[in-house]
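The chain contents come next:
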Amino acid sequence: MALLSPSSSRHHPLPLVAALMLLMAMAARPSVASLLYDQVEITWGGDHSFFYMEREGADVLALCLEETNGGSGFASKDTYLYGRFDIDIMLVANNSAGTVATFYLMPEGEVPWAYHDEIDLEFLGNATGEPYTLHTNIFVNGAGGREQQFRLWFDPTTDFHTYSIEWNPKHIIILVDGTPVRAFKNHAARGVPFPTWQRMRLQGTLWNADEWATQGGRVKTDWTQAPFYAYYRNLRVTPCAPSPGVAWCGDEPPESAWFERRLDRAALKEAQEKHMIYDYCVDEKRFKDKGFPKECNAD
Ligand SMILES: *[C@@H]1O[C@H](CO)[C@@H](O)[C@H](O)[C@H]1NC(C)=O
Ligand SMILES: *[C@@H]1O[C@H](CO)[C@@H](O)[C@H](O)[C@H]1NC(C)=O
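Where an unreviewed UniProt entry is consulted, the protein appears under the name Xyloglucan endotransglucosylase/hydrolase, with the organism given as Panicum miliaceum. The protein has a UniProt comment under Sequence similarities (unreviewed entry) that states "Belongs to the glycosyl hydrolase 16 family." Heading Function (unreviewed entry) of the UniProt record for the protein holds this comment: "Catalyzes xyloglucan endohydrolysis (XEH) and/or endotransglycosylation (XET). Cleaves and religates xyloglucan polymers, an essential constituent of the primary cell wall, and thereby participates in cell wall construction of growing tissues."

Caption draft 1: Quick look at the overall build of the protein. Of regular secondary structure, the protein possesses five helices and 15 strands. When each of the 299 residues of the protein is scored for burial, the buried share is 30%. For the protein, restricting intrachain contacts to residue pairs at least 6 apart in sequence, the fraction spanning at least 24 positions comes to 68%.

Caption draft 2: Just the site of ligand 2, in detail. Taken together, Leu124, Asn126, Glu130, Pro131, Thr133, Ala213, Thr214 and Gln215 make up the full set of residues adjacent to ligand 2. Here the shell around ligand 2 is composed, by residue class, of three nonpolar, four polar and one charged.

Caption draft 3: Inspection of the sheet that holds strand β5 (residues 83-90) at higher detail. Strand order in the open sheet formed by seven strands is β2-β3-β14-β5-β10-β11-β12, and the pairing between neighbours is antiparallel. The open sheet is flanked by β2 (50-55) and β12 (179-185), the only strands paired with a single partner. Across the sheet, the axes of successive neighbouring strands diverge by a mean angle of 25°, strand direction being ignored.

Caption draft 4: Layout of the pairing of strand β3 (residues 58-65). Note: β2 against β3, five bridges, orientation antiparallel. Bridge assignment links Met53 to a residue of β3, and that residue is Asp59. Where β2 hands over to β3, the hairpin turn is made up of two residues, of which Gly57 adopts a positive phi near 95°. Alignment of β3 against strand β14 (residues 228-238), held across six bridges, turns out to be antiparallel. Bridged to Leu65 within β14 is Phe228.

Caption draft 5: Layout of the nonpolar core. Ranked by internal contacts, the top residues of the largest apolar core, which has 49 residues, are Ile89, Ala101, Ala230 and Tyr232. If you tally residues by element for this core, the top one is β14, at six residues. Ala101 has contacts with Ile89, Leu91, Val92, Phe123, Leu206 and Ala230, leaving out every residue within four places of it along the chain.

Caption draft 6: Main features of unusual backbone geometry. A cis amide bond links Ala226 with the next residue in sequence, Pro227, at an omega value of 0°. Tracing the sequence through the fold places Pro227 in the loop between β13 (200-208) and β14. In this model, Asn94 sits at a positive phi of 60°, which is unusual for a non-glycine residue. Along the chain, Asn94 falls in the loop between β5 and β6 (99-107).

Caption draft 7: A look at the environment of Gly129. Among the structural elements, Gly129 can be located in the loop between β7 (118-124) and β8 (133-139). Sequence separation of Gly129 and Ser96 is 33 residues, and the distance between their C-alpha atoms is 9.7 Å.

Caption draft 8: Molecular detail of the sheet that holds strand β4 (residues 72-80). Spatially, eight strands are ordered β1-β4-β13-β6-β7-β8-β9-β15 in an open sheet, and the strand pairing comes out antiparallel. Strand pairing shows two members of the sheet lacking a second neighbour, β1 (40-44) and β15 (276-279), which therefore form its edges. Strand-to-strand twist in this sheet, taken as the mean axis angle between neighbours without regard to direction, amounts to 20°. Pairing geometry for strand β9 (residues 148-151) and β15, over three bridges, is antiparallel. Bridging across to β15, Gln148 finds its partner in Asp279.

Caption draft 9: Highlighting the environment of Trp153. For Trp153, the location among the structural elements is in the loop between β9 and β10 (161-167). Between the C-alpha atom of Trp153 and that of Lys274, which follows or precedes it by 121 residues, the distance is 9.0 Å.

Caption draft 10: Highlighting the pairing of β10. Where burial is concerned, most of β10 is hidden: five out of the seven residues are buried. In this structure, β10 lies alongside strand β11 (residues 171-176), joined through five bridges in antiparallel fashion. Looking at the pairing, Trp167 lines up with Ile172 of β11. What sits between the antiparallel neighbours β10 and β11 is a turn of three residues.

The rules behind the values
- Position numbers for residues count from 1 along each chain, tracking the sequence in the order it is written.
- Chains and ligands are labelled by the order in which they are written, letters from A for the one and numbers from 1 for the other.
- Local features in this predicted model are restricted to residues of pLDDT 70 or higher, and side-chain atom pairs are both shown and tallied only at a pLDDT of 80 or more, whereas totals for entire chains, interfaces and linings draw on every residue.
- UniProt positions are given in the numbering used here, feature names are shortened, and annotations may be inferred rather than shown by experiment.
- Under the scheme used here, helices are H or I runs from DSSP no shorter than 4 residues and strands are E runs no shorter than 2 residues, and both carry numbers assigned from the N terminus.
- Any residue surrounded by 20 or more other C-beta atoms within 10 Å of its C-beta is treated as buried, while 12 or fewer makes it exposed and the intermediate range makes it partly exposed; C-beta atoms here are placed from the backbone.
- Residues are scored as being in contact if the C-beta atoms we place from backbone atoms lie within 7 Å.
- Throughout this description, a residue near a molecule or strand is one whose C-beta atom, derived from the backbone, lies within 6 Å of it.
- Classification used: nonpolar for Ala, Val, Leu, Ile, Met, Phe, Trp, Tyr, Cys and Pro, charged for Asp, Glu, Lys and Arg, polar for all others including Gly.
- Pairing between strands is defined by DSSP: at least two bridges between the two strands are required.
- To get an axis, fit a line to the C-alpha atoms, keeping to the stretch in contact for a helix; angles then go from 0 to 180 degrees between the N-to-C directions.
- The term nonpolar core refers to a set of buried Ala, Val, Leu, Ile, Met, Phe, Trp, Tyr and Cys residues connected through C-beta atoms within 7 Å.

The following block contains the structure:
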C-alpha cells in the first residue's frame with residue numbers, strides 16, 4: 001500500500017520530520033555530565049560495586065557490602081567550594097541493622113586532621129521494619145561532636161529519595177526530599193568555626209558499623225542477609241550563586257541577606273519538631289561539665 005503519493009509527501013517535508021526526530025532524540029538522550037559514571041570514581045570496593053542503566057538517561061551506582069569485602073565507596077571527580085548537592089539514594093532493604101550508608105563532603109586528598117572539615121550524612125540501618133536514622137555531623141578544623149539525628153518519615157528502602165547539602169558562606173543546610181532538617185549557621189564572628197576555604201569532594205560509602213550504629217551497637221549485622229546494597233543516582237551539583245554584582249559567594253558582604261532566602265525557617269522548625277530524635281545542643285548530660293558548644297546559644 002503506497003499511502004504517500006509523491007504529491008502528499010510534499011505536504012510532509014522531510015526536513016521538519018527529521019528536525020522533530022532530532023529534538024525527540026535530544027530530549028531523551030542524557031547529557032554526558034548527568035551520568036554518575038562520569039561524575040564520580042569508585043574509591044574502594046570497585047570489584048563488587050557496579051553501575052547499571054536504570055532507564056534511558058539515568059544510571060545507578062550500587063554500592064555493595066559483604067562480610068569479606070568491607071563495603072565500598074565513591075568520590076566525585078570534581079571538588080567544590082560552596083554549592084548545592086542533591087543525590088537520590090535507595091537504602092539497604094529489609095534487615096539493614098549494622099550497615100551504614102553515607103553521603104558527605106570532605107576535603108580532597110590527605111589533609112592533616114587539624115584541617116579536617118566534613119559535612120556528614122549517615123544512614124543507620126535497622127532490623128526489618130524498624131526505622132532508619134539519619135545521623136548528621138559537622139566537622140571543622142578537626143573537631144566534630146555536632147550530632148543531630150532524625151527519624152526518616154518514609155521507608156527509604158523501597159524508593160529513591162533526595163538528600164541534599166547546601167553549603168554557602170552563611171550556612172550549611174541539610175535537606176530531605178527538599179525539606180530542610182538541619183541548618184548550621186556561620187557564626188565565625190562569634191568564634192564558631194565554619195568551613196570557608198577548603199575545596200571539598202563529595203563522597204558516598206556503604207560499610208559495616210555494627211559496633212555502634214544500630215540500637216547503640218546491640219543489634220549486629222546479620223551476614224546471612226548479605227550482600228547488602230545501597231543505590232545512588234542522579235547527582236546534581238549547583239554552584240553557589242552570589243547576589244547580583246558580587247563576583248563569587250565568598251565575597252558576599254557579611255550584612256547581605258542573600259543566603260537567608262535559601263533557608264525556609266518555618267519548614268526547618270516543623271521538620272525538627274516532628275523528626276529530630278537527637279540534638280547535641282540540648283544534651284545536658286553530655287555538656288554539663290564543659291558547657292554547651294558556642295553555636296548552641298548563638299542562633
Ligand atoms: C526484602 O524482603 C522481601 C520479602 O521477604 C523480598 O521479596 C525482597 O527480595 C527483599 N529485598 C532484598 C533487597 O533483600
Ligand atoms: C532502630 O529501631 C529501634 C526500635 O524501633 C529504635 O529505637 C532505633 O532508634 C532505630 N534506629 C537505630 C539506628 O538503632
